[in-house]
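Remarks on the overall topology
Okay, here's what each chain looks like letter by letter:
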Amino acid sequence: MEEKKKRSYSAPALEKGFEILELLAEVQEPMSLAKISTTLERSKSEIYRMISALEHRGYLSRNEGSDSFHITNKLFDLGMKVPPVGTLVEAAFPVMHKLSADIKQSCHIAVANQQRMVVIARVQSPGIVGLSVRVGHHLDLYKTGSGRVLLSYMPEKARADSLNMFEKTDNDFNRDECEELIGRILSKGHARSQSPIVSGLIDLSFPIFLGKTKEVIACITVPYIVEKGISLSLSETESYVREAAAELSELAQTYSGF
């Protein structure tokens, strides 16, 4: 009996729309119709139809008097409505505010989006000095404390696929070093690492688990900065972040129904 050939379906219009959104997200600046068309190597007429549809649906917008398009917050808002991440963010803010008040530091929550970590919530430090990461900030998983924690707790196949991709696309990626860091994180249950953004800053990152399966849904991080006479010690701060992560894990389980 002959095997039936698998059918492959395509949706060209939908794919063009995704190409436009992904391009604007990557360049992180407004682009004109002509520039989008040239970059994607597609005709202005087909790009125009896609842009008009995306603008009509609220995914793209233009500043008054400008012909350049930028992505709106609609995609982010949609992502935040998806359980359990959306419900976790709603429940997390009281915990995050209490943590920041106790340790006089800022904190943020990040999730994995394919091979990148993305910040989805933040609370600024109540102290005079503090560093907060903007919502929407993203970097490759292996480059940050948050990302390394998320990478470490991925299912083995997903983690291996990510490491393979980094090897192919980033000449600066050191797989042996990354795997050693992953081993340490899994052994300790968290990451204490130098910030990739500010020299001398230490990121304290703890996983947030979902349900009894111990799936990691997100990561809470404190960019630890010393403010004389106010800051707790690094170890004391770490204890507070650990407690907050445990509380958020309980909330995630409650809201997810697991």
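Let us look at the structure shown here.

Each value, and the rule that gives it
Residues numbered from 1 in each chain as written. Predicted model: local features only at pLDDT ≥ 70, side-chain atom pairs only at ≥ 80, totals over all residues. Heavy atoms only, no water. Helix = DSSP H or I, 4+ residues; strand = E, 2+ residues; numbered from the N terminus. Buried < 20%, exposed > 50% of the residue type's maximum accessible area, 1.4 Å probe, protein only. Contact = heavy atoms within 4.5 Å. Areas by Shrake-Rupley, 256 points an atom, 1.4 Å probe, with all protein chains shown as cover. Axes fitted to C-alpha atoms, helices over the stretch in contact; angles between N-to-C directions. Parallel < 35°, antiparallel > 145°, perpendicular 65-115°, else oblique. Left-handed = near helix turned anticlockwise from the far one by under 90°. Nonpolar A, V, L, I, M, F, W, Y, C, P; charged D, E, K, R; others polar. Expected span 1.5 Å × (residues − 1). Arc of directions from axis to C-beta. Phe/Tyr/Trp six-rings, centres within 6.5 Å; stacked < 30°, edge-to-face > 60°. Pairing = 2+ DSSP bridges. Salt bridge = Lys/Arg side-chain N within 4 Å of Asp/Glu carboxyl O.

**So, the overall build of the protein chain**
Along the protein chain, the regular secondary structure elements total nine helices and nine strands. For the protein chain, the residues scored as buried account for 40% of the 258 residues in total. Partitioning the intrachain contacts of the protein chain with sequence separation of at least 6 by distance along the chain shows that 53% fall at a separation of at least 24. Looking at the protein chain as shown, the accessible area adds up to about 15,300 Å², and 51% of this sits on carbon and sulfur atoms.

**What to know about the packing of helix 7 (residues 156-169) against helix 8 (residues 175-188)**
Two numbers describe how helix 7 lies on helix 8: the axes approach to 11 Å, and their chain directions differ by 150°. For the element pair helix 7 / helix 8, the angle class is roughly antiparallel. Handedness of the crossing formed by helix 7 with helix 8: right-handed. On helix 8, the residues that touch Arg-159, Ala-160, Leu-163, Asn-164 and Glu-167 of helix 7 are Arg-175, Cys-178, Glu-179, Ile-182 and Leu-186. Split by residue class, the contact of helix 7 with helix 8 holds five nonpolar, one polar and four charged.

**Quick notes on helix 7**
Over its 14 residues, helix 7 runs 20 Å from end to end, which matches the ideal 20 Å to within 8%, given 1.5 Å per residue. Within helix 7, the full set of buried residues consists of Arg-159, Ser-162, Leu-163 and Phe-166. Down the axis of helix 7, the buried set is contained in an arc of 95°. They therefore lie on one face. The exposed residues of helix 7 that point more than 90 degrees off its buried face are Lys-157, Lys-168 and Thr-169. Here the buried face of helix 7 lies against strand 6 (138-140), helix 6 (145-152) and helix 8.

**Some thoughts on the side chain of Ser-249**
Residue placement: Ser-249 occurs in helix 9 (residues 234-256). Using a relative accessible area of 11% as the deciding quantity, one classes Ser-249 as buried. Those residues in contact with Ser-249 that lie beyond four places of it in its chain are Pro-207, Ile-208 and Phe-209.

**Concerning the packing of aromatic side chains**
Per the counting criterion, the structure on display carries four aromatic pairs. Centre to centre, the rings of Tyr-142 and Phe-173 are 4.8 Å apart; their planes meet at 70°, and the pair counts as edge-to-face. Taken as a pair, Tyr-142 in the loop between strand 6 and helix 6 and Phe-173 in the loop between helix 7 and helix 8 lie far apart in primary sequence, 31 residues in all. Per residue, the accessibility class of Tyr-142 equals that of Phe-173, and both read buried. Taken together through their ring pairs, the aromatic side chains of Tyr-142, Phe-166 and Phe-173 make up a single cluster.

**So, the sheet that holds strand 7 (residues 191-194)**
Read across the sheet, six strands follow the order 6-5-4-9-8-7 without closing on themselves; strand pairing throughout is antiparallel. In this open sheet, the two strands that pair with only one neighbour each are strand 6 and strand 7. Each strand of the sheet is rotated relative to its neighbour by a mean of 30°, with strand direction disregarded. Pairing between strand 8 (residues 202-210) and strand 9 (residues 215-224): nine bridges, direction antiparallel. By the bridge assignment, Phe-206 is partnered in strand 9 with Ile-220.

**So, the environment of Glu-243**
Following the sequence through the fold, Glu-243 ends up in helix 9. By relative accessible area, which is 53% here, Glu-243 ends up exposed.

**A word on the sheet that holds strand 2 (residues 60-62)**
Spatially, the three strands line up as an open sheet ordered 1-3-2, and their pairing is antiparallel. One side of each edge strand has no neighbouring strand; the edge strands of this open sheet are strand 1 (31-32) and strand 2. Across two bridges, the pairing between strand 1 and strand 3 (residues 68-71) is antiparallel. Its bridge partner being in strand 3, Met-31 is matched across the sheet by Phe-69. Here helix 1 (residues 12-27) sits on the sheet and contacts strand 1, strand 2 and strand 3; the angle it forms with strand 3, its principal contact strand, is near 90°. Packed onto the sheet, helix 3 (residues 44-56) meets strand 2 and strand 3 and runs at close to 90° relative to strand 2.

**So, the pattern of salt bridges**
All chains considered together, the criterion is met by 15 salt bridges. Taking the shortest distance from any N to any O, the salt bridge between Glu-180 and Arg-184 comes out at 3.0 Å. Taken together, the residues span about one helical turn, with Glu-180 and Arg-184 both in helix 8 at a distance of four residues. Within the structure, one salt-bridge network assembled from shared partners comprises Glu-26, Arg-116, Asp-140, Lys-143 and Asp-170.

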